[in-house]
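# Examining the three-dimensional arrangement
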Amino acid sequence: MSFGSGSMTNSISEIKDCKLIFLIGGNPTEAHPIVGLEMKKALRKGCTFIVADPRKIWFAQHSKLYLPVRPGTDNWLLNSIAHVIIAEGLENKEFIKTRTEGFEELKAFVKDITPEKASEFTGIPAEDIRQAARLYAKSEKSAIFYTLGITEHTCGTDNVRTIANLALLTGHIGKSSTGVNPIRGQNNVQGATDMGCLPDRMHGYQYLSDAAVVEKFEKAWDVKLSRTQGATSPTMFERMDKGQFKALYVIGEDPVMSEPNQDYTIKGLKTLEFLVVQDIFMSETAKYADVILPATSFSEKDGTFTNTERRVQRVRKAINPIGNTKPDWQIICELSNRMGYKMDYPSPKEVWDEIASLAPLFAGINYARIESNGIQWPCPDTKHPGTKFLHEGKFTRGLGKFFVLPYRAPAESPDKQYPLLLTTGRTLYHYGAGTMTRRSAGIIHKTNDCFVEVNQQDAQELGIFDGEMVRVASRRGEITTRAEVSDKVKKGIIWIPMHFVEAAVNKLTKDAYDNITQTAEYKVCGAKIEKII
Amino acid sequence: MVMIPKVKLNIDGKTVEVNKGKTVLQAANSVGIRIPTLCHDPRLEPFAACRVCMIEIERGKSSALITSCNTEATDGMVIRTDSEKVLKTRKMVLELILSDHPRDCMTCDKCGACKLQDLAYEYGVRESRFFESPGGGIEEDRNPVIQKDKSKCILCGRCIRICAEVQQDYAIDFKNRGFETETGTPFGKSLLDTTCVLCGQCVSTCPVGSLVEKQAVGKGRDWEFKQVKTTCAYCGVGCTMYLNVKGNQVVKVTSKTGSIPNDGNLCVKGRFGYDFIHHPDRLKNPLIKKNGKFEDATWDEALNLVALKLGEIKAKYGADNIGVFSSSRCTNEENYLAMKFARAAIGTNNVDQCART
């Protein structure tokens, strides 16, 4: 990518010292509350906030500049900010000269992307875009934070690179409290990627296209490895759809709830000859399984999670497994042994030792070292303290690269038939598909039903009142839910959280994917609202 | 790097050097001198409400009593934390606090972890010369997670300040004046009807038994719990927290200031979203679908069937017709084994997880 690796460039502890935070497509007070607290700390210390989000979130209300960007038009906003930075001579010339490549191409490309033009697409006043560019470029410690509002688009990778362009233009990277920071959604989504649960690479970002990597693992694992390119989850579903995929082993995931276009997902699972689901609850996906293997929760096992700042931290067993359940690692080992490939580990500690021995990124991390506090990778040897922020002095890929990325429209935009733009997200009280939080008495007492946020003007035109049950439909399905009428979303946009099985918003979302990461476009599709009575 | 100037002072005969801007309390703690506190929480601005951190400072030939938590350490200060005057005053302060606090430690959930109890014990304050029966008691509130006992509140303001300074939710504040002063919501509303987000940070900072986790009431006290340090399983921030376990039951979740990366803070999910662990819906046995219905099976039956079926499908269609979805909810070790299983045991690179979705 632009810098050479994908994760937060800074640490959570650096947030409070930021002088300017540009928050785009993220709602930390709800989705990452403790990062939200660190940002609130920065706010108290006088940090300037620029917030670009289609919803008037908490930080939007406390920002110096709120940019209510129309979902799917982030590219216009970001490129026009680059335009202003260059047009007004605010770029960091020394940094561009010594640490980047491709500046002239970017300069030529953004020349025509004026704030006025961007304003037409994004709905943000041109003067506010100029102001944002000036504030961001001139601040001494500027950091950009983004989450799924940037990535869950067909142009998600483009968006990330366009953000990186801004950091490279201004040199706001590779320093404490200064950088580009995606905040990861799930407890161990960083770890799952780090551990090579990806079709094209082993753990520690060792690519299978490198013959030396394949050979190294063949020797270490004592097995012949497949050279065939693996399939991503969207590709596997595509092959199911065509009847060209036969078995799936799903560990701790609920694709029926989490994949877009639910009907298509269910249809795909039904074509399988054999489906194994390993989970702690009867998830929506588990209902379609042939065999269900009951796993333990995090409180019943040992191991490690890696958080959004690349910190490998211990998970410790607090209670014995409930009922007849077993920890996932043990189930996988027992299954592997039965399939004729020996996996024999006394405990997760020995698994970690193998992980560290086969990946330089984690080589210096072991259970003894992270007994009291976690360590942030890269950590090449046991003397290394871990890495607080990335790209100091040099990028992973050498020079930072500017990308020229023209706007690409979302796969589906509102039209006559489905005139509203539906975007989705998370709330403070619930998590993911709600399998855990909706079984927590304390939490469901506070809030336990789905809702759709509607702008007052739209509501008036549709004759909808606050609290009324309405039908929300897209080309792929419909759900019934409660309307929350306010000015939190702009006219023409509606927002629905993702946690509720009885009003699963992924019945509506579109199964269109980013061309590189194959992340689905949860953030934009056409929809309509109808009165029920 | 900006160099922060240093200041030198004398505490209990020891020379102490700290960065300018540190308080006397911080300076004392930095060399291991303990000064008791009740209203102090390192996450909050100094407040100097409880007065138990009182120390004696030399002022020429005389001396003065000042609160150490909100006094900046300056060059040349000469301080005593253990003089007779300090100890006598501290004892009096405790007596005054206890004059408005019930003495029902035997039924209090905070017993053993209560800072006031510890100090009363340390200073031998058995009776208060000012004792009056404190009013109030457990407040009725529809909220399911936070219980407040008005009579036990010592008005240190920690709950109010953490709500305002750290959370910036401003759900509670001081109400009334003088002896009638209490903490609470506007117009005595339920927390559910205010800006409260049920993070429970107020519970985490309460030094006495006034605010406790409602669901843990009567289920055990500090010394009965095994506190297991672990990492939260919700979002990607990865807060360090402690599961408080009694028997085979997770009774409550707590955290400690200074923990990385959350400094003792937790959100509503981390602190109160744990009862899924013991929920009756948990899958407890392997299940095999027979004629469209799930039936309980033994591990041997289930695992043998899975191994057999995957083996058959591999033999019939080839390994690349099988896929593995691993989980961003599972541990690193499990994800590693899942991808190793796909690649080494099945023989396919069809392994993915939900980072993309």
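Residues numbered from 1 in each chain as written. Chains lettered and ligands numbered in written order. Predicted model: local features only at pLDDT ≥ 70, side-chain atom pairs only at ≥ 80, totals over all residues.

## So, the overall build of chain B
Looking only at helices and strands, chain B has 8 helices and 16 strands in total. Against the 2.2 N^0.38 benchmark of 21 Å for 357 residues, chain B shows a C-alpha radius of gyration of 27 Å, more extended than a compact globule. Structurally, chain B occupies a C-alpha span of about 95 × 55 × 35 Å along its principal axes. Classification of the 357 residues of chain B by burial places 48% in the buried group. Restricting the contact set of chain B to residue pairs at least 6 apart, pairs at least 24 apart contribute 57%. (Helix = DSSP H or I, 4+ residues; strand = E, 2+ residues; numbered from the N terminus. Rg over C-alpha atoms; globule rule 2.2 N^0.38 Å. Buried ≥ 20, exposed ≤ 12 C-beta atoms within 10 Å, placed from the backbone. Contact = placed C-beta atoms within 7 Å.)

## Here we look at the overall build of chain A
Across its full length, chain A holds 19 helices and 21 strands. Relative to its length of 533 residues, chain A is compact, with a C-alpha radius of gyration of 24 Å against a globular reference of 24 Å. If one aligns the C-alpha atoms of chain A with their principal axes, the spans along those axes are about 65 × 65 × 45 Å. A burial count over chain A gives 58% of its 533 residues as buried. Counted over contacts in chain A with a minimum sequence separation of 6, partners at least 24 positions apart contribute 70%.

## Quick word on the domain arrangement of chain B
Each domain of chain B was delimited in the assignment, giving domain 1 (6-97), domain 2 (127-219), domain 3 (225-282), domain 4 (284-309) and domain 5 (318-357). Distance between the C-alpha centres of domain 1 of chain B and domain 5 of chain B: 58 Å. (Domains from an automatic or database assignment.)

## Examining the domain arrangement of chain A
All names here are of chain A. The domain architecture assigned to chain A consists of domain 1 (12-183), domain 2 (189-376) and domain 3 (420-531). Tallying the contact residues gives 19 residues for domain 1 and 23 residues for domain 3. Residue composition of the side of domain 1 that touches domain 3, by class: 6 nonpolar, 9 polar and 4 charged. (Nonpolar A, V, L, I, M, F, W, Y, C, P; charged D, E, K, R; others polar.)

## With respect to helix α4 (residues 74-87) of chain A
Residue and element names in this part refer to chain A. The terminal C-alpha atoms of α4, which comprises 14 residues, lie 20 Å apart, in line with the 20 Å expected from a rise of 1.5 Å per residue. Across the 14 residues that make up α4, a large majority, 12, are buried. Of all the residues in α4, the buried ones are D74, N75, W76, L77, L78, N79, S80, I81, A82, H83, V84 and I85. Residue G89 follows α4 closely and has a positive phi angle near 65 degrees. (Expected span 1.5 Å × (residues − 1).)

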